[in-house]
Amino acid sequence: MSEEPKPRRRQARGERRIAELLQAAANVFCANGYTASSTNAIAREAHVSPGTLYQYFPNKEAIAIELGGRLLHEMREAHGQAFTPENLALPLPELLDAVVDPLIEFNCANPAFLALMHGSEVPGRIAEEHDELHATLLTRVEEVIAHYAPALSVADRLRTAGMTFAAFKGGLDLVLAAPEGAERDATVAELKTLLLRYLSPLVDGPPAGDPLTDDSLVGGSPVGGPPAAGSPVGAPQT
C-alpha cells in the first residue's frame, strides 16, 4: 500500500502552521511595529511555544521576509488588476474606481503591509522589493496620466504623477485610520473626489477663453492691473 499520502499530510500541516505563524506575526507587527516585535510575542499570538516557532523560522527577520514576500506578491496582483488596458478606456471617474478600489481593498485586508514596509529596521531585502514596487506603481500612474493628458510635457507628467501618488498615499492613511463601515466608505469617496478634482482639469483642459489659462491673471484680473469688473474700488485683490 502506498505511503505517499502521509508526507502530503505532513506537508499540509506544515503549511497551515506557517500560515498561522505568519498571521500571528502580521498581528504583532501591526500592534507593536516591526522593531518592537519579538519572536516570543509572535509565538504567544500563535498560541505555540517559541520552540515550535523556531522549527519553521530561525528568527524574526526570516518571518518578516516570508510575510513581506507574500504581501508584496499579493500587492503586485492587486495593482495588476487595477492598471489594465481595459481600464484605460474608461472615463476618468470610473478609472479611479477601478484603480483605487483594489489597492484600498488590499491595504484594508492587510494592515501589516504598511506596518512592515514602513518599519525603520525592516530587512533590507524587503525594503528593496518595496522600493521596486513603489517605482513600478509610480510608473503605472505616469502611464495613466500620459494616456488621459497626452498634451502634458514629460516634466509636468512626472510632477503630476508624483503629486497624485502622494495624495493617494496620504488619503490611504486616513482610510485605514477610519472605522470600518460608513465612515471608511465616506473617506474612500472623499479620496476619490480629491483625485478627480485634481486630475479633471488636466484631462478635460480649461475651456476656451478661460482666464486661468493666462498665467498673468490672478483673481480674475491681470497682476498689477485694475480690479475685475464688478469689484469695488479699493477692494483687496486675492
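Everything quoted here is computed from the prediction, not taken from an experiment.

Draft legend 1. Region of interest: the overall build of the chain. Scanning the chain from terminus to terminus reveals 10 helices and 2 strands. Walking the chain from its N terminus toward its C terminus, one meets helices and strands in the order α-α-α-α-α-α-α-α-α-α-β-β. Pairs at least 24 residues apart make up 63% of the contacts formed inside the chain by residues separated by at least 6 positions. A total of about 14,000 Å² of accessible surface is found on the chain, and carbon and sulfur atoms cover 56% of it.

Draft legend 2. The arrangement of the environment of Ala64 in detail. Topologically, Ala64 is positioned in helix H4 (residues 60-82). A relative accessible area of 0% places Ala64 in the buried class. When residues no more than four places from it in sequence are discounted, the contact partners of Ala64 are Phe29, Tyr34, Gly69, Leu116, Pro123 and Ile126.

Draft legend 3. Quick look at the packing of helix H8 (residues 124-148) against helix H9 (residues 154-177). Two elements in contact, H8 and H9, have axes separated by 9 Å at closest approach and are oriented at 120°. Classified by the interaxial angle, the pair formed by H8 and H9 is oblique. Relative to H9, H8 is oriented so that their crossing is right-handed. Contact residues: His134, Leu137, Leu138, Val141, Glu142, Ile145 and Ala146 in H8; Arg157, Leu158, Thr160, Ala161, Gly162, Thr164, Phe165 and Lys169 in H9. Each residue belonging to the contact of H8 with H9 can be placed in one class, and the counts come to 8 nonpolar, 4 polar and 3 charged.

Draft legend 4. A look at H8. Taking 1.5 Å per residue as the helical rise, H8 with its 25 residues ought to reach 36 Å, and the 36 Å between its terminal C-alpha atoms agrees with that figure. When H8 is considered as a whole, its buried residues turn out to be Ile126, His130, Leu133, Leu137, Val141, Glu142, Val144, Ile145 and Tyr148.

Draft legend 5. Spatial organisation of the packing of H4 against H8. Interhelical geometry of H4 versus H8 gives an angle of 10° and a closest axis separation of 10 Å. When the axis of H4 is compared with that of H8, the two are roughly parallel. Residues Ala64, Ile65, Gly68, Gly69, Leu72, Met75, Arg76 and His79 of H4 form the contact with H8, whose own contacting residues are Arg125, Ile126, Glu129, His130, Leu133, Thr136 and Leu137. Its residues assigned to classes, the contact of H4 with H8 comprises 7 nonpolar, 5 polar and 3 charged.

Draft legend 6. Looking closely at the environment of Glu105. For Glu105, the position within the fold is in helix H6 (residues 92-109). Residue class for Glu105 comes out exposed when judged on its relative accessible area of 58%. Taking the C-alpha atoms as reference, Glu105 lies 8.7 Å from Ala78; in sequence the two are 27 residues apart.

Draft legend 7. Representation of unusual backbone geometry within the structure. Of note in this structure, His47 is not a glycine but carries a positive phi near 60°. When you line up the elements, His47 lands in the loop between helix H2 (39-46) and helix H3 (50-54).

The rules behind these values
- Residues numbered from 1 in each chain as written.
- Predicted model: local features only at pLDDT ≥ 70, side-chain atom pairs only at ≥ 80, totals over all residues.
- Heavy atoms only, no water.
- Helix = DSSP H or I, 4+ residues; strand = E, 2+ residues; numbered from the N terminus.
- Contact = heavy atoms within 4.5 Å.
- Areas by Shrake-Rupley, 256 points an atom, 1.4 Å probe, with all protein chains shown as cover.
- Buried < 20%, exposed > 50% of the residue type's maximum accessible area, 1.4 Å probe, protein only.
- Axes fitted to C-alpha atoms, helices over the stretch in contact; angles between N-to-C directions.
- Parallel < 35°, antiparallel > 145°, perpendicular 65-115°, else oblique.
- Left-handed = near helix turned anticlockwise from the far one by under 90°.
- Nonpolar A, V, L, I, M, F, W, Y, C, P; charged D, E, K, R; others polar.
- Expected span 1.5 Å × (residues − 1).

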